[in-house]
Amino acid sequence: MKKTLILAAIVPALALAACNSQGPETETEAAAEDAELQADALEEQADAMPTEAGEEMMDDRADVMENKADALEDKADAEEGVLAQ
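Rules and cut-offs
Residues numbered from 1 in each chain as written. Predicted model: local features only at pLDDT ≥ 70, side-chain atom pairs only at ≥ 80, totals over all residues. Heavy atoms only, no water. Helix = DSSP H or I, 4+ residues; strand = E, 2+ residues; numbered from the N terminus. Buried < 20%, exposed > 50% of the residue type's maximum accessible area, 1.4 Å probe, protein only. Contact = heavy atoms within 4.5 Å. Areas by Shrake-Rupley, 256 points an atom, 1.4 Å probe, with all protein chains shown as cover. Patch = residues over 30% accessible without salt bridge, like charges linked within 9 Å, V, L, I, M, F, W, Y side chains within 5 Å. Salt bridge = Lys/Arg side-chain N within 4 Å of Asp/Glu carboxyl O. Lys, Arg positive; Asp, Glu negative; His and termini not counted. Charge placed at Lys NZ, Arg CZ, Asp CG, Glu CD. pLDDT = per-residue confidence, 0-100. Expected span 1.5 Å × (residues − 1).

Student: Got a minute to help me understand the overall build of the protein chain in this structure?
Tutor: Along its length, the protein chain carries 3 helices and 0 strands. Counting from the amino terminus, the protein chain carries its helices and strands in the arrangement α-α-α. Among the 85 residues that make up the protein chain, the fraction classed as buried is 26%. Residue pairs in contact within the protein chain that sit at least 24 positions apart in sequence constitute 65% of those at least 6 positions apart. About 6000 Å² of surface is accessible on the protein chain, with carbon and sulfur atoms providing 56% of the total.

Student: Please clarify how a negative patch on the surface should be interpreted in this entry.
Tutor: A cluster of acidic residues, D40, E43, E44, D47, E52, E56, D60 and D63, forms a negative patch at the surface. Going through the elements one at a time, α2 (27–48) and α3 (52–84) are the ones with two or more residues in the negative patch. Considering the arrangement of structural elements, one finds D63 in helix α3. For D63, a relative accessible area of 46% translates into the label partly exposed.

Student: Got a minute to help me understand the confidence of the model for the protein chain in this structure?
Tutor: Fine structural detail should not be taken from predicted coordinates in areas where pLDDT scores are low. For the protein chain, per-residue confidence averages 84 on the pLDDT scale, and 73% of positions sit at 70 or higher. When mean pLDDT is compared element by element in the protein chain, α2 scores highest at 95, while helix α1 (residues 2–19) scores lowest at 63.

Student: Can you walk me through α2 in this structure?
Tutor: An α-helix turns once every 3.6 residues. As a result, residues three or four positions apart point the same way. Under the 1.5 Å per step criterion, the end-to-end length of α2 is 32 Å for 22 residues, consistent within 8% with the ideal 32 Å. What α2 keeps buried is the set T28, E29, A32, A35, L37, A39, A41, L42, Q45 and A46.

Student: Before we go on, may I ask you to explain the environment of M65 in this structure?
Tutor: Looking at the element boundaries, M65 is found in helix α3. The residues touching M65, leaving out its near neighbours within four places in the chain, are A35, Q38, A39 and L42.

Next up, the structure:
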């Protein structure tokens, strides 16, 4: 059931990402986008949890993944600055 929820949340996001013709410029930027998609999927799972405790646990996981995505985005921005020089 959880795998189905994950796929149901990730597949549309991946399809939308595929429509982006520009795409990521670096591997770090691609990793940041992937982490963001995973965070979104975790938030969707949190909303679907039947108990408050389960929802809070999934929200915590989503927050951790969002923080990872933010850190990767910062790193990608720094890399782009180096590449632009």
